[in-house]
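In case you want the letters, here they are:
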Amino acid sequence: MHSYWNNRFSNGMVWGEKPSCTVNMAKEVFLNNQAKTILVPGAGYGRNTKVLSPTFEVDAIEISKNAIAIALEEDKLTKFTEGSIFDMPFSNKKYDGIYCYNLLQLFRLKERRLLIGKCIDQLTENGILFFTCFSNEDKSFGDGLEVEKNTFEYKPGKVAHFFSEEDLIHHFDTTEILETGSIDETLDYLDNTVRTYKLRYIICKKRLCI
Ligand SMILES: C[S@@+](CC[C@H](N)C(=O)[O-])C[C@H]1O[C@@H](n2cnc3c(N)ncnc32)[C@H](O)[C@@H]1O
């Protein structure tokens, strides 16, 4: 997995410089919740963190050294840490918000649960999670061998999970769900191809322990 992602970024900004429209949505939600500190797991080369870092104190975790090398030029305000999200936490710091773009779908159920649990553990009281992921309405749904329900091995060793709304809510059932929705996201690839993805997002709040 590590070498796959490192190679993926060896030619530069795979999905161009343009941030996802969801990062502006997340910024609004974080501002409305008086957030100051934000964590971005699987941050890639910083195309989304650069929208957040002029306003918030942003820490990012990324497994690819090549992606971080680009990110350090692209976004000089975010603090990037090279490492796996499964080794989180990297410090005792707690975050008012976590923005996680299209990372969750890369894993099987056990690891998806682990990622969400690790993110919840790093939130402050009332902290907000903003996650995006593949929708089961995307045209790639069903490509490859189904290795778990709605999870397909589309290349050897590489899986993608496709979420229905109900499934997404179920993944975050230990939190207070504030909003879910669907968006179309168009990505301009380095090789000049353009592809529109159907994504889902979820916004939720950490449940207070009483
Ligand atoms: C689909 S990409 C999204 C990148 C970024 N969020 C963006 O939109 O530009 C998934 C990202 O997660 C990173 N990644 C994959 N597995 C990881 C892991 N176990 N720990 C940390 N980062 C990981 C990849 O290197 C890649 O940058």
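Conventions used here
Residues numbered from 1 in each chain as written. Predicted model: local features only at pLDDT ≥ 70, side-chain atom pairs only at ≥ 80, totals over all residues. Heavy atoms only, no water. Helix = DSSP H or I, 4+ residues; strand = E, 2+ residues; numbered from the N terminus. Rg over C-alpha atoms; globule rule 2.2 N^0.38 Å. Buried < 20%, exposed > 50% of the residue type's maximum accessible area, 1.4 Å probe, protein only. Contact = heavy atoms within 4.5 Å. Areas by Shrake-Rupley, 256 points an atom, 1.4 Å probe, with all protein chains shown as cover. Lys, Arg positive; Asp, Glu negative; His and termini not counted. Charge placed at Lys NZ, Arg CZ, Asp CG, Glu CD. Pairing = 2+ DSSP bridges. Axes fitted to C-alpha atoms, helices over the stretch in contact; angles between N-to-C directions. UniProt positions renumbered as here; feature names shortened; annotations may be inferred. Salt bridge = Lys/Arg side-chain N within 4 Å of Asp/Glu carboxyl O. Phe/Tyr/Trp six-rings, centres within 6.5 Å; stacked < 30°, edge-to-face > 60°.

Going by what an unreviewed UniProt entry lists, the chain is known as Class I SAM-dependent methyltransferase and is assigned to Bacillus spongiae.

## Points about the overall build of the chain
The secondary structure content of the chain amounts to six helices and ten strands. Computed over its C-alpha atoms, the radius of gyration of the chain comes to 16 Å, within 12% of the 17 Å expected for a compact globule of 210 residues. Along the first, second and third principal axes, the C-alpha set of the chain runs to 45 × 40 × 30 Å. The buried share of the chain, taken over its 210 residues, is 52%. In the chain, the share of contacts with a sequence separation of at least 24, taken over all contacts with a separation of at least 6, comes to 68%. If you sum the accessible surface of the chain, you get close to 10,300 Å²; carbon and sulfur atoms cover 51% of it. Where the 26 positive side-chain charges of the chain centre and where its 30 negative ones centre are 2 Å apart.

## Details of the sheet that holds strand β6 (residues 145-148)
Strand pairing within a sheet occurs via backbone hydrogen bonds; the two strands may be parallel or antiparallel. Reading across from one edge, β6-β7-β8 is the order of the three strands in this open sheet, with antiparallel pairing throughout. Strand pairing shows two members of the sheet lacking a second neighbour, β6 and β8 (158-161), which therefore form its edges. Neighbour-to-neighbour, the strand axes of this sheet turn through a mean angle of 40°, independent of strand direction. Across four bridges, the pairing between strand β7 (residues 151-155) and β8 is antiparallel.

## Details of the UniProt feature "domain: Methyltransferase type" (unreviewed entry) in the chain
Taking the numbering used here, the UniProt-annotated feature "domain: Methyltransferase type" (unreviewed entry) corresponds to residues 41-131. Structurally, residues 41-131 is divided into 30% helix and 30% strand, and its ends, taken at the C-alpha atoms, are 10 Å apart.

## Overview of unusual backbone geometry
Between methionine 88 and proline 89 the backbone carries a cis peptide bond, its omega angle lying at 5°. Looking at the secondary structure, you find proline 89 in the loop between β3 (79-82) and β4 (95-101). In this structure, asparagine 102 takes a positive phi of about 55° despite not being glycine. Accessibility expressed as a relative area gives 15% for asparagine 102, which makes it buried.

## Some thoughts on the pattern of salt bridges
The final tally for this structure, using the stated rule, is nine salt bridges. A salt bridge links aspartate 59 to lysine 93, with the nearest nitrogen and oxygen atoms 3.1 Å apart. In this pair, aspartate 59 sits in strand β2 (residues 57-62) while lysine 93 sits in the loop between β3 and β4, placing the two residues 34 residues apart along the sequence.

## Some points on the pairing of β8
Neither face of β8 is open: one carries Lys158 and Ala160, the other Val159 and His161, and all of them are buried. Hairpin geometry of β7 and β8 is characterised by an intervening segment of two residues between the two adjacent antiparallel strands and by a positive phi of about 80° at glycine 157.

## Some points on the pairing of β6
Where β6 and β7 come together, three bridges link them in antiparallel fashion. Across the sheet, the residue bridging to leucine 145 is glutamate 153, located in β7. Here β6 hands over to β7 after two residues, with asparagine 150 in that stretch at a positive phi of 65°.

## As for the packing of aromatic side chains
Enumeration over the complete set of coordinates arrives at 16 aromatic pairs. Both rings, one in tryptophan 15 and one in tyrosine 45, keep their centres 6.0 Å apart while their planes meet at 15°; by these two values the pair is stacked. One end of the pair, tryptophan 15, is in the loop between α1 (2-8) and α2 (21-32); the other, tyrosine 45, is in the loop between β1 (37-41) and α3 (49-52), with 30 residues separating them in the sequence. You can call tryptophan 15 buried: its relative accessible area is 19%. Taking the relative accessible area as the measure of exposure, tyrosine 45 reaches 1% and is therefore buried. The interplanar angle of 65° and the centroid separation of 5.1 Å between the aromatic rings of phenylalanine 131 and phenylalanine 172 together place this pair among those described as edge-to-face.

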